[in-house]
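Residues per chain, in single letters:
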Amino acid sequence: MHIRLDDLTGPEIIQLLREHLRDVALHSPPESIHALDLDALRQPDITFWSVWEDDELMGCGALKQLDAGHGEIKSMRTAAIHLRKGVAATLLQHILGEAAQRHYRRLSLETGSMAAFAPAHRLYARFGFMPCGPFAGYVEDPYSVFMTRDVPQQY
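Residues numbered from 1 in each chain as written. Predicted model: local features only at pLDDT ≥ 70, side-chain atom pairs only at ≥ 80, totals over all residues. Heavy atoms only, no water.

Where an unreviewed UniProt entry is consulted, the protein chain appears under the name GNAT family N-acetyltransferase, with the organism given as Rhodanobacter sp. IGA1.0.

Caption draft 1: Quick peek at the overall build of the protein chain. Helices and strands together make up the secondary structure of the protein chain, namely four helices and seven strands. Reading the secondary structure of the protein chain in the N-to-C direction produces β-α-α-β-β-β-α-β-α-β-β. Computed over the C-alpha atoms, the radius of gyration of the protein chain is 15 Å, within 12% of the 15 Å expected from 2.2 N^0.38 for a compact globule of 155 residues. Referenced to the eigenvectors of the C-alpha coordinate spread, the extents of the protein chain come out at roughly 40 × 40 × 30 Å. Burial statistics for the protein chain: of 155 residues in total, 47% are counted as buried. Sequence-distant contacts in the protein chain: of pairs separated by 6 or more residues, those separated by 24 or more amount to 64%. When the accessible surface of the protein chain is summed, it comes to about 8100 Å², and 53% of that surface belongs to carbon and sulfur atoms. With 15 positive and 20 negative side-chain charges, the protein chain shows a separation of 4 Å between the mean positions of the two kinds. (Helix = DSSP H or I, 4+ residues; strand = E, 2+ residues; numbered from the N terminus. Rg over C-alpha atoms; globule rule 2.2 N^0.38 Å. Buried < 20%, exposed > 50% of the residue type's maximum accessible area, 1.4 Å probe, protein only. Contact = heavy atoms within 4.5 Å. Areas by Shrake-Rupley, 256 points an atom, 1.4 Å probe, with all protein chains shown as cover. Lys, Arg positive; Asp, Glu negative; His and termini not counted. Charge placed at Lys NZ, Arg CZ, Asp CG, Glu CD.)

Caption draft 2: Region of interest: the nonpolar core. Membership of the largest hydrophobic core comes to 23 residues, with the highest contact counts inside it found for Ile73, Leu92, Ile95, Leu107, Tyr124 and Phe129. Elements that contribute at least two residues to this core include exactly β2 (46-53), β3 (56-67), β4 (70-78), α3 (87-101), β5 (106-112) and α4 (118-126). Formed by 15 residues, the second largest nonpolar core is a distinct cluster that contains Ile13, Leu16, Leu36 and Ala79. (Core = buried A, V, L, I, M, F, W, Y, C linked by side-chain atoms within 4.5 Å.)

Caption draft 3: Seen up close, unusual backbone geometry. Positive phi outside glycine occurs at leucine 8, with the angle close to 60 degrees. Here leucine 8 is to be found in the loop between β1 (2-5) and α1 (11-27). Taking the relative accessible area as the measure of exposure, leucine 8 reaches 2% and is therefore buried.

This is the structure in structure tokens:
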């Protein structure tokens, strides 16, 4: 697996993110969807990575700077044919390392609360994320789970 910065222009990543938005819409009402579209992911406060094996896209994820000490994980997605291969864990490890390099003190995320998101909940818990309240303008929502963790500076 190779992780690389992605400019969000390739057809593979565009398709994977469209699938991501479609899948999120299957499980949440429109007012509870916080997944970002391509334009939002291209904003300067977001760094976006894709995971590849040779020329095959395996997954993606992003890190949004909320403030000088707090980041948010966005758009974590594994391509269906690469589920259960460690793609998300590899990328999450990379994002945690990047958060430490940026000297973030905290890393947080919002994900869905439905059963379809249970594998994500387990992954994040395995990496030390704990449930928390809404952050960065989010509000309580039965369709959302909020999680956070401290970022060790020697990650």
